[in-house]
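Descriptive analysis of the structure
Chain by chain, the residues:
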Amino acid sequence: MTNQGTSALIERIEATAAKYPNQKSAIIPALHLAQEHFGWLPPEAFEAVAEALDTTPAFAQSVASFYDMFHLQPIGKHLIEVCTNVACALNGAGAVLEEFEQQLGVHAGESSTDGQYTLRTVECLGGCGTAPTVAVNNRYREFFERSQVKPLLQELKATPAGWTEGEGQV
Ligand code: FES
């Protein structure tokens, strides 16, 4: 069942899928569009993707669950991802993560109670040469140091729109 909001989403997905050789091959951009629409991927998102691509919600969910970039749970207004893979770990990612946890009062994998922040660790962001690398609302902060955590959080507090999923995609 669709409502006016999801109808518009389905139309966007269908328009994107028309650029692909077959509908299912548009599953990744379709999931991005759905995540942009809902802020995360609730069951209604998989239903909309399935309807637009003439597949099943289970297929859409199975693809989404494979990729770290898709959120199967609600996330905060600001998404902070600290890379803890080797290059970042060797350059102080542990201290950066610890500072975020202390400042936000959450552990990695959790959201702040006010719904403003989600903190999580990620595997390599592809910014090893500028480690430690932190992705904040999908934008990289390179050579990130523990001392930069507090100023960053102050900066984000003053930022009206946080999350930028979908910018430049599809
Ligand atoms: S190891 Fe952190 S960006 Fe590659």
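None of these values were measured; they are calculated from a predicted model.

Describing helix H6 (residues 93–104)
- When the terminal C-alpha atoms of H6 are compared, their 16 Å separation across 12 residues agrees well with the 16 Å that a helix rising 1.5 Å per residue should span.
- Taken as a whole, H6 has its buried residues at Ala93, Val96, Leu97, Glu99, Phe100 and Leu104. Axial view of H6: buried residues confined to an arc of 160°, hence all on one face.
- Against strand E1 (78–83), helix H5 (86–90), strand E3 (117–122), strand E4 (134–136) and helix H7 (149–157) lie the buried residues of H6.
- Directly beyond the C-terminal end of H6, a positive phi value near 70° is found at Gly105.

A few points about the domain arrangement of the protein
- In terms of domains, the protein is made up of domain 1 (4–66) and domain 2 (78–157).
- Centre-to-centre, using C-alpha coordinates, domain 1 lies 29 Å away from domain 2.

Some remarks on the sheet that holds E1
- Across the sheet, which stays open at both edges, the five strands sit in the order E2-E3-E1-E4-E5 with mixed pairing between neighbours. Strands with a single pairing partner mark the edges of an open sheet, and in this sheet they are strand E2 (110–111) and strand E5 (139–141).
- In this sheet, E3 lies alongside E1 in parallel orientation, the contact comprising six bridges. Paired with Cys83 across the strands is Val122, a residue of E3.

Quick notes on the layout of surface pockets
- Put simply, the second largest pocket is a space of about 160 Å³.
- In this structure, the second largest pocket is lined by Phe70, His71, Leu72, Gln73, Pro74, Ile75, Gly109, Ser111, Thr118, Leu119 and Arg120.
- The biggest single contributor to the lining of the second largest pocket is E3, with three residues.
- Considering only residue class, the lining of the second largest pocket consists of five nonpolar, five polar and one charged.

Some thoughts on the packing of helix H2 (residues 27–38) against helix H3 (residues 43–53)
- Packing of H2 against H3 leaves a shortest axis separation of 10 Å and a crossing angle of 140°. In terms of orientation, H2 and H3 fall into the oblique class. For the pair H2 and H3, the sense of crossing is right-handed. Mapping the contact onto sequence places Ile27, Ala30, Leu31, Ala34 and Phe38 in H2 and Glu44, Ala45, Phe46, Val49 and Leu53 in H3.
- When grouped by side-chain class, the residues that make up the contact of H2 with H3 number nine nonpolar, no polar and one charged.

Focus on the nonpolar core
- Residues Ile80, Val82, Phe100, Leu104, Leu119, Val134 and Leu153 are the most contacted members of the largest nonpolar core, which totals 23 residues.
- Of all elements in the fold, only E1, H6, E3, E4 and H7 reach the threshold of two or more residues within this core.
- The dominant element in this core, judged by the number of residues it contributes, is H6, at five residues.
- Excluding its chain neighbours within four sequence positions, the residues that come into contact with Phe100 are Ile80, Val82, Gly105, Leu119, Val134, Phe144, Val149, Leu152 and Leu153.
- The next biggest cluster of nonpolar side chains, apart from the first, holds 21 residues, and it includes Ala45, Ala52, Leu53 and Val63.

Conventions adopted
- Residues numbered from 1 in each chain as written.
- Predicted model: local features only at pLDDT ≥ 70, side-chain atom pairs only at ≥ 80, totals over all residues.
- Heavy atoms only, no water.
- Helix = DSSP H or I, 4+ residues; strand = E, 2+ residues; numbered from the N terminus.
- Expected span 1.5 Å × (residues − 1).
- Buried < 20%, exposed > 50% of the residue type's maximum accessible area, 1.4 Å probe, protein only.
- Arc of directions from axis to C-beta.
- Contact = heavy atoms within 4.5 Å.
- Domains from an automatic or database assignment.
- Pairing = 2+ DSSP bridges.
- 1 Å grid on protein atoms, 1.4 Å probe; cavity = no way out; pocket = protein on both sides within 12 Å on 5 of 7 lines; lining within 4 Å.
- Points joined across faces, edges and corners; volume = space filled by probe spheres on them.
- Nonpolar A, V, L, I, M, F, W, Y, C, P; charged D, E, K, R; others polar.
- Axes fitted to C-alpha atoms, helices over the stretch in contact; angles between N-to-C directions.
- Parallel < 35°, antiparallel > 145°, perpendicular 65-115°, else oblique.
- Left-handed = near helix turned anticlockwise from the far one by under 90°.
- Core = buried A, V, L, I, M, F, W, Y, C linked by side-chain atoms within 4.5 Å.

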